[in-house]
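Fold and contact review
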Amino acid sequence: MSSLNLRRRSTEDSLMFIRQSLKSEEMDHLEGTHFDSSFPHVFVTLGASGDLAKKKIYPTLWWLFRDNLLPKTTTFFGYARSNLTVQDLREKCEKYMKVKPGDEERYEEFWKLNHYVAGSYNTRRDFELLNQQLEKHEKGQNAHRLFYLALPPSVFESVTVHIRNTCMGQKGWTRIIIEKPFGKDFVSSQQLSDHLASLFREDQLYRIDHYLGKEMVQNLMTLRFGNRIFSPTWNRDSIASVQITFKEPFGTQGRGGYFDEFGIIRDVMQNHLLQILSLFAMEKPASCHPDDIRNEKVKVLKCIKPVEIDDVVLGQYVGDPEAKDEEGKLGYLDDSTVPANSNTPTYALAVLKILNERWDGVPFILRCGKALNERKAEIRVQYQDVPGDIFDGKAKRNELVIRVQPGEAIYIKMMTKSPGITFDMEETELDLSYVSRYKGLKLPDAYERLILDVFCGSQMHFVRSDELSEAWRIFTPLLHQIEKIRPTPYKYGSRGPKEADEKAKDNNFIYYGSYKWVHPHNH
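All values derive from a computational prediction rather than experimental measurement. (Residues numbered from 1 in each chain as written. Predicted model: local features only at pLDDT ≥ 70, side-chain atom pairs only at ≥ 80, totals over all residues. Heavy atoms only, no water.)

Time to look at the sheet that holds strand S10 (residues 363-369). One open sheet accounts for nine strands, arranged S14-S13-S12-S11-S7-S10-S9-S8-S15; its pairing is mixed. Unpaired on one side and paired on the other, strand S14 (425-433) and strand S15 (488-491) mark the two borders of the sheet. Ignoring strand direction, the axes of neighbouring strands in this sheet form an average angle of 20 degrees. Inspection of the sheet shows strand S7 (residues 239-247) paired to S10 by six bridges, in the parallel sense. Bridge pairing in S10 places Phe246 opposite Cys368. This element, helix H9 (residues 256-281), spans S7, strand S8 (312-318), strand S9 (347-353), S10 and strand S11 (376-383) of the sheet and lies at about 145 degrees to S10. Relative to the sheet, helix H14 (residues 498-506) contacts S7, S8, S9, S10 and S15, its axis offset from that of S9 by approximately 10 degrees. (Pairing = 2+ DSSP bridges. Helix = DSSP H or I, 4+ residues; strand = E, 2+ residues; numbered from the N terminus. Axes fitted to C-alpha atoms, helices over the stretch in contact; angles between N-to-C directions. Contact = heavy atoms within 4.5 Å.)

This is the structure in structure tokens:
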């Protein structure tokens, strides 16, 4: 072939590659309504031998595959240092997969689409070998790649560099799912964000916070902006305080060494609860486009000053000698994996203020903890007292409660006349409980929604770098301040430190203790 023809062929190949790249760029910006099932997709789980992979990622991929929600051409790869076979991996995941009778054949199909590659996290050659394996499953002109980084922070930088240098898809888009922790404070988080920004575009990054996949968290948008009944009262004139709660009825269960590195504020408050706050408090976005929504969330966070120590109550659980089970008798410091005399809080209450026109003066009370009296996550909006009281102080405040888990529900606590001949009043509720309104409905797991969003290219429920930066700005000064502060002890199985209830009361939240919510199906 002449040199002219060679040059022409080379130019044509270059143009073809540019056209394909542009096409894939355009597709990368199609925000999340669909995926193209005619193209091969390869889903790679890095850290496939770890706890997160076996308990969450593989079960989620199986459920999505079982329900025909993934592109039909999807292949699954696991990558880790452990020298495993696919059969070994399958056995590790087995008890978390929830295979129903009748699904056995489909389950076998799923595992036939799985592959495993063993390799280190810091050797380029191992990633080149992984790339060669991926290419074998990318037939045709287009193919897309998804990488889930279920990895410890210590290997994060080397892995992302190797992905960028050796494993980027050449026939379509590449998307990277990043699991928390996203740093330990403002500086380390910013270093990580800068590192990722040097390798990938923001629209290729999916920082996963599984709380953004919860049904009732996603419902906040519809509840707020799809109902005229709430809009006029969603402000400082009507709302006295907002309490966002996350409670777990168990302790660290032998994993205290890992927890001790982070503590309850990093583990739950700085991410999950602050995300809920920003969705609850943001202004109406220009549209439902993911970046319009995330822009409004960032605006809210920018209006919050860093949390001060005087607005915080910290606790650490101690054993209850009278507990019925053995775990309840053990305190946090009794966990052999926890350093002696650790100051790490297992409970925290923090009061945040949003300094804007809508929320000025309304306390947002975030509270979370382990080893408490119940499992619960909810938003509790407490309204101002009724002005011009004619009922001699008997009326209690209205509350809007959005129950995230367990038992998804939205209910409004209100006053009504007691049935009968008297003119007494009592608390009751207007109630939307999902268990009774949507009988037999199986709500998808949060990870199911979020992983499917990545296939579709929707970043609506993922954390953007500027959101992350603002969240760390709010909490970092406090986190450094409390390192030498001894948390208040509270008993395993209690409501937490009594000082927390006092702090909530000081911030315009009244706990009556007289009302019990009853599930409709228990009536």
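From this point, things continue past the structure.
Here we come to the pairing of strand S13 (residues 409-417). Judged from the five bridges that link them, strand S12 (residues 399-405) and S13 form a sheet pairing that is antiparallel. When the bridges of S13 are listed, Val401 appears paired with Tyr411. From the end of S12 to the start of S13, which pair antiparallel, there are three residues, and Gly407 there has a positive phi angle of about 70 degrees. Judged from the nine bridges that link them, S13 and S14 form a sheet pairing that is antiparallel. If you follow Ile412 over to S14, its bridge partner there is Leu430.

Another aspect to go through is the packing of aromatic side chains. By the definition in use, this model includes 23 aromatic pairs. Taken together, a centroid distance of 6.5 Å and an interplanar angle of 50 degrees make the contact between Phe43 and Tyr148 tilted. Taken together, the positions of Phe43 in strand S1 (residues 41-46) and Tyr148 in strand S4 (residues 144-149) put the pair 105 residues apart, joining distant regions of the chain. For the residue pair Phe43 and Tyr148, the accessibility class agrees, reading buried in each case. A centroid spacing of 6.4 Å and a plane angle of 65 degrees characterise the contact between Tyr317 and Tyr490, whose relative ring orientation is edge-to-face. Taken together, the positions of Tyr317 in strand S8 and Tyr490 in strand S15 put the pair 173 residues apart, joining distant regions of the chain. Side by side, Tyr317 and Tyr490 carry an identical accessibility label, which is buried. The structure contains a cluster of three or more aromatic residues connected by ring pairs, namely Tyr58, Trp62, Phe65, Phe76, Tyr107, Phe110 and Trp111. Geometry around Trp173 places Arg175 over its ring, the cationic atom sitting 3.6 Å from the centre. Just above the ring of Phe262 sits the side chain of Lys184; from NZ or CZ to the centre is 5.6 Å. (Phe/Tyr/Trp six-rings, centres within 6.5 Å; stacked < 30°, edge-to-face > 60°. Buried < 20%, exposed > 50% of the residue type's maximum accessible area, 1.4 Å probe, protein only. Lys NZ or Arg CZ within 6 Å of the ring centre and 35° of its normal.)

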